[in-house]
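# Understanding the architecture of this molecule
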Amino acid sequence: MKRFIVAALAASLSLATATMAFAQDTGKVGIVVKIGGIPWFNAMEAGIKEQGKKLGVDASMIGPTSADPALQVRAIEDLIAQGVKVIGVVPNDAKVLEPVLSKAKEKGIIVITHESPGQKGADWDFELASSTGFGEAHAKLLAEKMGGKGEYAVFVGSLTVPLHNAWADAAIAYLKKNYPDMKLVGDRYGVAEDVDKSRSTALDLISAHPDLKGFLAFGSQGPIGAGRAIEERRKVGKIFVLGPFSPGQGQKLLKSDAISGGFMWNPKQAGEVFVTLSQKLMKGGQIKDGEQIEGLGTIHPDFEKHNIIVDQLVPINKKTVADLAAMGL
């Protein structure tokens, strides 16, 4: 009888240990994006859900009602209170998020960011496009459309989104060096995550600058708003709009030449990568140089800045837009 009790106790302890180990390797993943309800982040949410189901990870997305950094802070505070294992973020304001992300890390929560290289308070940031490559690709296309001459304006999601501004820096520097006859109007305008603000700002700039020939809009709603503005002013073919946008949302504007094209990465793929990295890090996995990670390919991380950056640019043009839109992008 005593042997039976000892054996049963040993089996019970073994099961408890295994259960604890499993619990340490699993947990909820909450991913806070810039704003909910727009096609770009709808596609990202689809990637999060599909990859979560595939890998058995309890992952969900939180999309604030506006691109307000305070709403992101509140969402992250809620996730900390829930005791999630991983918090993912696509920041609206990298600086504003630093304290709450540091708080999450102090609680033992893994923090992963996207579109915010070198984010303070994050364990890792991943990018599907390098800032220089992305900015210069758009700059080259704008120069081609404008014939290397004329005035252009630059939109970003906000003046506090590091990646959008890094793209803008790269594009502006490239044009300044290679196309001296192209002149930047003002500096840049932080409106490209809001279609109405992008439209109204574009209308104002068209009125104020008769020689304006181009818009570089870094932020998924920027090309849409600027494209609508040049349609209203009947400037199609005279003013060129370039930038990353949701193909499904912008394909009519592209086909009418109100938007001249752009480049993107797949936001659904980014959602999948959030979940893949979350699972790897929850299980205690380490990020290694030269390893292959699903959705990223072979990686060469910057261990000092905690960045994983790859270049997987997808052109958006009349040949590709229908297929991209059919993917739900």
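These numbers come from a predicted model, not from an experiment.

Definitions and cut-offs
Residues numbered from 1 in each chain as written. Predicted model: local features only at pLDDT ≥ 70, side-chain atom pairs only at ≥ 80, totals over all residues. Heavy atoms only, no water. Helix = DSSP H or I, 4+ residues; strand = E, 2+ residues; numbered from the N terminus. Contact = heavy atoms within 4.5 Å. Areas by Shrake-Rupley, 256 points an atom, 1.4 Å probe, with all protein chains shown as cover. Lys, Arg positive; Asp, Glu negative; His and termini not counted. Charge placed at Lys NZ, Arg CZ, Asp CG, Glu CD. Phe/Tyr/Trp six-rings, centres within 6.5 Å; stacked < 30°, edge-to-face > 60°. Buried < 20%, exposed > 50% of the residue type's maximum accessible area, 1.4 Å probe, protein only. Pairing = 2+ DSSP bridges. Axes fitted to C-alpha atoms, helices over the stretch in contact; angles between N-to-C directions. Parallel < 35°, antiparallel > 145°, perpendicular 65-115°, else oblique. Left-handed = near helix turned anticlockwise from the far one by under 90°. Nonpolar A, V, L, I, M, F, W, Y, C, P; charged D, E, K, R; others polar. Right-handed = clockwise from strand over helix to strand, strands pointing away. pLDDT = per-residue confidence, 0-100. Salt bridge = Lys/Arg side-chain N within 4 Å of Asp/Glu carboxyl O. Expected span 1.5 Å × (residues − 1). Polar contact = N/O pair within 3.5 Å; in protein donor to acceptor, adjacent residues only side chain to side chain. Core = buried A, V, L, I, M, F, W, Y, C linked by side-chain atoms within 4.5 Å.

Okay, the overall build of the protein chain next. Secondary structure assignment for the protein chain yields 11 helices and 15 strands. With respect to the three principal axes, the spread of C-alpha positions in the protein chain is 95 × 40 × 35 Å. The contacts in the protein chain between residues at least 6 apart in sequence include a share of 70% that link residues at least 24 apart. With the model as given, the accessible surface of the protein chain reaches about 14900 Å², and the carbon-plus-sulfur share is 53%. In the protein chain, which carries 38 positive and 36 negative side-chain charges, the distance between the mean positions of the two groups comes to 3 Å.

In total, this model carries 11 aromatic pairs according to the counting rule given. For the pair Phe-126 and Phe-274, a centre-to-centre distance of 5.0 Å together with 85° between the ring planes defines the contact as edge-to-face. You can see Phe-126 sitting in strand E5 (residues 124–127) and its partner Phe-274 sitting in helix H10 (residues 267–282), a full 148 residues away along the chain. The burial state of Phe-126 is the same as that of Phe-274; both residues are buried. Members of the aromatic cluster, connected to one another through ring pairs, are Trp-40, Phe-134, Trp-167, Phe-218 and Trp-265.

If you walk across this open sheet you meet the 6 strands as E2-E1-E3-E4-E5-E14, and the pairing is parallel. Strands with a single pairing partner mark the edges of an open sheet, and in this sheet they are strand E2 (59–62) and strand E14 (307–309). On average, each strand axis in the sheet is inclined to that of its neighbour by 20°, with strand direction left out of account. In the sheet, strand E4 (residues 110–114) pairs with E5 via 3 bridges, with the strands oriented parallel. Opposite Thr-113, over in E5, you have Asp-125 as the bridge partner. Where helix H2 (residues 39–55) meets the sheet, it contacts strand E1 (29–32), E2 and E4, and its direction lies at approximately 165° from that of E2.

It is at 7 Å that the axes of helix H5 (residues 131–146) and helix H6 (residues 162–178) come closest, and there the two elements cross at 50°. One finds that H5 runs oblique with respect to H6. Where H5 crosses over H6, the handedness of that crossing is right-handed. Only Leu-163, Ala-166, Trp-167, Ala-170, Ala-171, Tyr-174 and Leu-175 of H6 make contact with H5, whose side of the interface consists of Ser-131, Thr-132, Phe-134, Gly-135, Glu-136, Ala-139, Lys-140, Leu-142 and Ala-143. Classifying every residue of the contact of H5 with H6 gives 11 nonpolar, 3 polar and 2 charged.

Another point: the pairing of E2. Of the two faces of E2, the one lined by Ala-59 and Met-61 is fully buried and the one lined by Ser-60 and Ile-62 carries no buried residue. In the sheet, E1 pairs with E2 via 4 bridges, with the strands oriented parallel. Across the sheet, the residue bridging to Val-32 is Ile-62, located in E2. Where the polypeptide runs from E1 across H2 and back to E2, its parallel neighbour, the crossover connection is right-handed.

What follows deals with the environment of Gly-27. Its place among the elements puts Gly-27 in the loop between helix H1 (2–25) and E1. On a C-alpha basis, the gap between Gly-27 and Asp-93 in space is 27 Å, while along the polypeptide they are 66 residues apart. Setting aside residues no more than four positions away along its own chain, Gly-27 makes contact with Asp-58, Lys-85 and Met-282.

Moving on to the confidence of the model for the protein chain. Residue-level pLDDT values for the protein chain average 92, and 92% of them are 70 or greater. In this model, residues 1–24 is a region of pLDDT below 50 whose contacts with residues beyond four sequence positions or in other chains number 3 contacts.

This model, assessed by the stated rule, comprises 13 salt bridges. In this structure, the salt-bridge partner of Arg-188 is Asp-187, at a minimum N-O distance of 3.6 Å. Since its relative accessible area comes to 16%, Arg-188 is described here as buried. Arg-199 serves as the salt-bridge partner of Glu-232, at 2.5 Å between the closest nitrogen and oxygen. Here Glu-232, found in helix H8 (residues 222–232), pairs with Arg-199, found in helix H7 (residues 195–208); they are 33 residues apart in sequence, far enough to count as distant. Assessed through its relative accessible area of 30%, Arg-199 is described here as partly exposed.

Take helix H4 (residues 94–106) next. With 13 residues, H4 extends 18 Å from end C-alpha to end C-alpha; this agrees with the ideal 18 Å at 1.5 Å per step. Residues Ala-94, Leu-97, Glu-98, Val-100, Leu-101 and Ala-104 constitute the buried set of H4. Buried-residue contacts for H4 involve helix H3 (69–82), strand E3 (86–89), E4 and H6. By the N-cap criterion, in which a side-chain oxygen at the helix start approaches the backbone nitrogen of a residue two or three places on, H4 is capped by Asp-93, the distance to Lys-95 being 3.1 Å. Of the residues flanking the end of H4, it is Gly-108, one or two places downstream, whose phi is positive at about 85°.

Bringing the nonpolar core into the picture now. Within the largest apolar cluster, 87 residues are counted, with the highest numbers of intra-cluster contacts made by Phe-41, Met-44, Phe-126, Phe-155, Leu-175, Phe-215 and Leu-296. Counting residues in hydrophobic clusters, the runner-up holds 15 residues, among them Val-84, Ile-87, Leu-97 and Ala-104.

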